[in-house]
Amino acid sequence: MANSILVTRSSMPEFDEYMDEIKPMWQSHWLTNMGPEHKTLQQQLIEYMGVENIDLFTNGHMSLELTLQAMNLQGEVITTPFTFASTTHAIVRNGLTPVFCDIDPVTMTLDTEKLERLITDRTCAIMPVHVYGNVCDIEEIERIAHKYELKVIYDAAHTFGETYKGKGIGSFGDASCFSFHATKVFNSIEGGAVCFKDKHLGEILYDLKNFGIHGPEEVDAVGANAKMNEFCAAMGICNLRHVDDEIAKRKKVAERYRMHLDGIEGIQLNVIQKDVKSNYAYFPVIFEEKLFGASRAEVFDKLAENGIGARKYFYPLTNTFAAFHGKYDVLETPVALHISKRVLTLPMYADLSMEDVDRICEIILSCKY
Ligand SMILES: *Cc1c(COP(=O)(O)O)cnc(C)c1O
């Protein structure tokens, strides 16, 4: 459709910039297996993200799944259903049992007031999710984890480049897992990373991403394959040069949306967290039909009619997936259920024009009557 606007648009460097970055590979023929691009990106990310340790993976999901495996956990993991399928699947695919905690209605991250009562003698870890770039209640999570000796693995897929109280967001918990998927604020086409505290955990993770191979004739562990290849790392290096500019542009888009939508009855906008340097990853809007005068579905359809893609994100909740055969009771997470039925994320990317934001808001507000 002419003038159609998708919900996101992947960041890409100039064609020539990427060509320059990958050109040496036509000399070296080194395409994967922790080559120079991989090493460079790894080092640059340590500096950019303000973390001590990082390892790179083929995607965000494998970073989550292998981090849980590396910790050799058993039993229950407390998490939230208001997330992408990946978080819950990483837990289940490790033979662990997800226990779903409800979310806070303002930050839409794990509600720490409901967390402690879910802890049993089988609980081994907490896997909170920094949703939409909103940072979890880090202090309270750390306090509870410390009290009950639980591991904390953050799904930090939405928070690339953020800081909390001036510290890199990847430096919290035992590990924080990032996604560099094409749709994220920072992408390496596909890619992921784990920031971790314990160097020994890092060694196990490395084994898990590279078959447990230590030398040409030495295999010490039973690993999988989740290495980031050189073309992806090169894309990451190029995109990293521009990510600050992109975040600044996203901020402008977010401010323009707020200018039109803030204070409108029946519309709840995302919280602005004072201790967080945001990356403006998403622009979620919650529609209360009774107050706004139109349902989420009506707004979604109206935008679609005009060639504008919004996304019901996150809907459905992971604890309602058919894959789980009714194993979980969605009524145990009522706030997450309420929000998942009402939220839309609006188009959000660096090059979205102010005129387009104006048009999107005009269409949304026209639904009100
Ligand atoms: C994108 C995403 C993932 C998975 O990352 P991939 O790189 O696509 O594998 C996991 N969790 C959340 C919250 C995500 O948004």
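As the structure is a prediction and not an experimental result, all values here were calculated from the model. (Residues numbered from 1 in each chain as written. Predicted model: local features only at pLDDT ≥ 70, side-chain atom pairs only at ≥ 80, totals over all residues. Heavy atoms only, no water.)

**Student:** Tell me about the sheet that holds strand β2 (residues 76-79), residues and numbers included.
**Tutor:** Read across the sheet, 7 strands follow the order β1-β9-β8-β5-β4-β2-β3 without closing on themselves; strand pairing throughout is mixed. Across the chains shown, the open sheet's two edge strands, defined by having one partner strand only, are β1 (54-57) and β3 (97-100). Strand-to-strand twist across the sheet, computed as the mean angle between neighbouring axes with direction ignored, equals 25 degrees. As defined by bridge partners, strand β8 (residues 175-179) adjoins strand β9 (residues 192-196) across 5 bridges and the pair is classed as antiparallel. (Pairing = 2+ DSSP bridges. Helix = DSSP H or I, 4+ residues; strand = E, 2+ residues; numbered from the N terminus. Axes fitted to C-alpha atoms, helices over the stretch in contact; angles between N-to-C directions.)

**Student:** I'd like a rundown of the sheet that holds strand β12 (residues 267-269), residues and numbers included.
**Tutor:** The strand order β12-β14-β15 describes an open sheet built from 3 strands, whose pairing is antiparallel. Both outer strands of the open sheet, β12 and β15 (343-346), are each paired with one neighbouring strand and no more. This sheet shows a mean twist of 30 degrees between the axes of neighbouring strands, independent of strand direction. Across the sheet, helix α8 (residues 230-261) touches β12, β14 (283-287) and β15, and the angle it forms with β14 is around 20 degrees. (Contact = heavy atoms within 4.5 Å.)

**Student:** Explain the packing of helix α3 (residues 36-49) against α8 to me, and be specific about the residues and the numbers.
**Tutor:** Taken N-terminus to C-terminus, the directions of α3 and α8 make an angle of 30 degrees; their axes are 7 Å apart at the nearest point. As summarised for this structure, α3 and α8 are arranged roughly parallel, according to the angle between their axes. Crossing of α3 over α8 shows left-handed handedness. In this structure, α3 contributes Pro-36, Glu-37, His-38, Thr-40, Leu-41, Gln-44, Leu-45 and Tyr-48 to the contact, and α8 contributes Glu-230, Ala-233, Ala-234, Gly-236, Ile-237, Leu-240, Val-243, Asp-244 and Ile-247. (Parallel < 35°, antiparallel > 145°, perpendicular 65-115°, else oblique. Left-handed = near helix turned anticlockwise from the far one by under 90°.)

**Student:** Can you tell me about the domain arrangement of the chain, naming the residues and giving the values?
**Tutor:** The domains assigned to the chain are domain 1 (15-238) and domain 2 (243-366). Measuring from the centre of the C-alpha atoms in domain 1 to the corresponding centre in domain 2 gives 25 Å. Every contact between the two is made by 37 residues of domain 1 and, on the other side, 34 residues of domain 2. Across the interface of domain 1 and domain 2, roughly 3100 Å² is buried in total on both sides, 62% from carbon and sulfur atoms. The largest per-residue losses of area from domain 1 upon contact with domain 2 belong to Pro-81, Tyr-132 and Val-185, which jointly make up 22% of the total buried on that side. Seen at the junction of domain 1 and domain 2, the total is 0 salt bridges. Put simply, domain 1 and domain 2 have 15 residue pairs in polar contact (both at pLDDT 80 or more) between them. (Domains from an automatic or database assignment. Buried area = accessible area lost by both parts, 1.4 Å probe. Salt bridge = Lys/Arg side-chain N within 4 Å of Asp/Glu carboxyl O. Polar contact = N/O pair within 3.5 Å; in protein donor to acceptor, adjacent residues only side chain to side chain.)

**Student:** Pulling in residues and values, what's your account of the site of the ligand?
**Tutor:** Around the ligand, the surrounding shell holds 16 residues, and the nearest of these are Gly-60, His-61, Asp-155, Ser-179 and Lys-184. Gly-60 has a polar backbone atom sitting 2.8 Å from an oxygen atom of the ligand. The set of elements that each furnish at least two residues to the shell around the ligand consists of α4 (60-70) and α5 (85-92). Taken together, the residues of the shell around the ligand break down into 4 nonpolar, 10 polar and 2 charged. (Near = heavy atom within 4 Å. Nonpolar A, V, L, I, M, F, W, Y, C, P; charged D, E, K, R; others polar.)

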